[in-house]
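The lines below spell out each chain.
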Amino acid sequence: MSGPLGVMAVILLEAAAGGAAVLWAAGVWGAVRRGFFLLTGITIAVCALGAWAIARMAAATSDAPELRRAVLALGAFAGLAVLWQLALLVRQSALSRALGLAATAVGIVSLVLLGLARERDPLLGIAELALGGLFLGSTVYGLLLGHWYLVERRLPGLHMVRASWWYIAGVAAAVGAALLSVRNPPPEIGTGFSPMLAIPGFSVWLAGGLVAVCALISGFVWKLAQEGGRSIQAATGMFYLAVIMAFSAEMSSKLGFF
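Residues numbered from 1 in each chain as written. Predicted model: local features only at pLDDT ≥ 70, side-chain atom pairs only at ≥ 80, totals over all residues. Heavy atoms only, no water.

**Quick word on the environment of Lys223**
Defined as follows: Numbered from the N terminus, helices here are DSSP runs of H or I no shorter than four residues, and strands are runs of E no shorter than two.
Summarising the element assignment, Lys223 is placed in helix H7 (residues 202-227). Note: C-alpha distance between Lys223 and Gly50 (173 residues apart in sequence) is 35 Å.

As structure tokens, then:
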């Protein structure tokens, strides 16, 4: 599963599994309205479905059993993510929570199996995916939570402060993911990537520079979240930049993943 489609499958899975893990670990269940879990859950479900569809196409032309197992796990993850939203829509809170936690567990398993599907250093591959998942998951969660403050204006600022800490942890994880990507070979010219990205070390330096920008953004997000009030809107604006930089950084560091 190589080329641009393979990279996109990895990025979408990281965003979905990481986003689900951060959502349930952040302690907002019962503290925010049901709509926030619908907003975040639908985003997760769409990303999971996209990752599954792309990986399924790649598995159709591959005989690797590891990839086929990863595709099965991805399908289960996507299915549970959709069922989680359906349960929310019919106001079955207990069932929705159980399905959401199950989806998160299966999403993490999907990350592990996709890492094992890599022939080169599969354990390091799992570490790369886990770190990237925390990075993208915390970024997406922070952006969506910041927007939710426009809907639920009396929501305590504590949750945005926690989101800023999750994002700081995600940026630290991104540093580790970028360092691990040093061992990955550059993509070959003619595989759909820019020729510049095939220059040895270029994608790693690009990822490192983008992560450095994310580190700068994380400081502003933390400071603005601490101030609360209208500063939360400013923190949300910073998350717009963070999403662009985070996805670009992960794409750069995952070019040679497979």
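**With respect to the packing of aromatic side chains**
Convention followed: Any Phe, Tyr or Trp ring, taking Trp's six-membered ring, that has another such ring centre within 6.5 Å forms a pair; planes under 30 degrees apart are called stacked, those over 60 apart edge-to-face, and the others tilted. Relative accessibility thresholds used throughout: buried, under 20% of the residue-type maximum; exposed, over 50%; partly exposed, between the two (1.4 Å probe, protein chains only).
Applying the stated rule across the entire model yields 9 aromatic pairs. Between the aromatic rings of Trp24 and Trp84, the centroid separation amounts to 5.5 Å while the plane-to-plane angle is 40 degrees, which identifies the pairing as tilted. Here the residue Trp24 occupies a position in helix H1 (residues 3-25), and Trp84 occupies one in helix H3 (residues 65-89), the gap between them amounting to 60 residues. Accessibility assignment for this pair places Trp24 and Trp84 in one class, buried. The interplanar angle of 65 degrees and the centroid separation of 5.2 Å between the aromatic rings of Tyr167 and Phe239 together place this pair among those described as edge-to-face. Linking Tyr167 in helix H6 (residues 158-180) with Phe239 in helix H8 (residues 231-253), this pair joins segments that are 72 residues apart in sequence. Through successive ring pairs, a cluster of aromatic residues spans Trp24, Trp29, Phe36, Phe37, Trp84, Tyr141 and Trp148.

**Considering the side chain of Thr139**
The line we're drawing: Every residue pair with non-hydrogen atoms within 4.5 Å of one another is taken to be in contact.
Looking at the element boundaries, Thr139 is found in helix H5 (residues 122-148). Dropping the residues within four chain positions of it, Thr139 is found in contact with Tyr167, Phe239, Ala242, Val243 and Ala246.

**Digging into the pattern of salt bridges**
Basically, it comes down to this: We define a salt bridge as a contact between a side-chain nitrogen of Lys or Arg and a carboxyl oxygen of Asp or Glu at a distance within 4 Å.
Scanning the entire structure with this criterion turns up 4 salt bridges. A salt bridge links Lys254 to Glu14, with the shortest nitrogen-to-oxygen separation between them at 3.5 Å. Note that Lys254 is positioned in the segment after H8 and Glu14 in helix H1, a separation of 240 residues in sequence. Assessed through its relative accessible area of 1%, Lys254 is described here as buried. Judged by relative accessible area, which is 0%, Glu14 ranks as buried.

**Details of the packing of H5 against H8**
Each pair of packed helices gets described by two things: the angle between the helix axes and the distance between those axes. Here is the rule we go by: Helix axes use the C-alpha atoms of the stretch in contact, all axes being lines fitted to C-alpha atoms, and the angles between their N-to-C directions lie in the range 0 to 180 degrees. Any angle that is under 35 degrees is reported as roughly parallel, and any over 145 degrees as roughly antiparallel; angles of 65 to 115 degrees are reported as roughly perpendicular and all others as oblique. If you view the pair so one helix is near and one far, a crossing is left-handed when the near helix is turned anticlockwise from the far one by less than a right angle, and right-handed when it is turned clockwise. As a working rule, the residues Ala, Val, Leu, Ile, Met, Phe, Trp, Tyr, Cys and Pro are called nonpolar, Asp, Glu, Lys and Arg charged, and the rest polar, with Gly in that last group.
Two numbers describe how H5 lies on H8: the axes approach to 9 Å, and their chain directions differ by 160 degrees. Classified by the angle their axes make, H5 and H8 are roughly antiparallel. Note that H5 runs across H8; the crossing there is left-handed. Only Thr236, Phe239, Tyr240, Ala242, Val243, Ala246, Phe247, Ala249, Glu250 and Ser253 of H8 make contact with H5, whose side of the interface consists of Glu128, Gly132, Phe135, Leu136, Ser138, Thr139, Val140, Gly142, Leu143, Gly146 and His147. Class assignment of the residues belonging to the contact of H5 with H8 gives a composition of 11 nonpolar, 8 polar and 2 charged.

**Some thoughts on unusual backbone geometry**
Its identity is not glycine, yet Arg91 carries a phi of approximately 60 degrees, on the positive side. Along the chain, Arg91 turns up in the loop between H3 and helix H4 (93-116). By relative accessible area, Arg91 is classed as exposed at 59%. Within the chain, Asp121 stands out as a residue other than glycine whose phi angle is a positive 50 degrees. If you trace the backbone, Asp121 turns up in the loop between H4 and H5.

**So, the environment of Phe258**
Among the structural elements, Phe258 can be located in the segment after H8. In sequence terms Phe258 and Asp121 are 137 residues apart; their C-alpha atoms lie 10 Å from each other.

**Quick word on the state of the cysteines**
Each disulfide consists of one covalent bond between the sulfur atoms belonging to two cysteines. What counts, and what does not: Cysteine sulfur atoms are paired as a disulfide whenever they come within 2.5 Å of each other.
A full pass over the atoms with the stated rule returns 0 disulfides. There is no disulfide at Cys47, and the cysteine sulfur nearest it, in Cys214, is 17 Å away. Judged by relative accessible area, Cys214 falls into the buried class, the value being 0%.

**Notes on a nonpolar patch on the surface**
What counts here: Exposure above 30% relative accessible area and the lack of any salt bridge qualify a residue for a patch; like charges then connect within 9 Å, and the nonpolar side chains Val, Leu, Ile, Met, Phe, Trp and Tyr within 5 Å. Areas reported here follow the Shrake-Rupley algorithm with a probe of radius 1.4 Å; residue values treat only the protein chains shown as occluding.
Side chains of Leu49, Val82, Leu83, Leu86, Leu89 and Val90 sit close together on the surface and give an oily, nonpolar patch of about 500 Å² of accessible area. Counting residues per element, the nonpolar patch draws most heavily on H3, at 4 residues. Looking at the secondary structure, you find Leu49 in helix H2 (residues 34-60).

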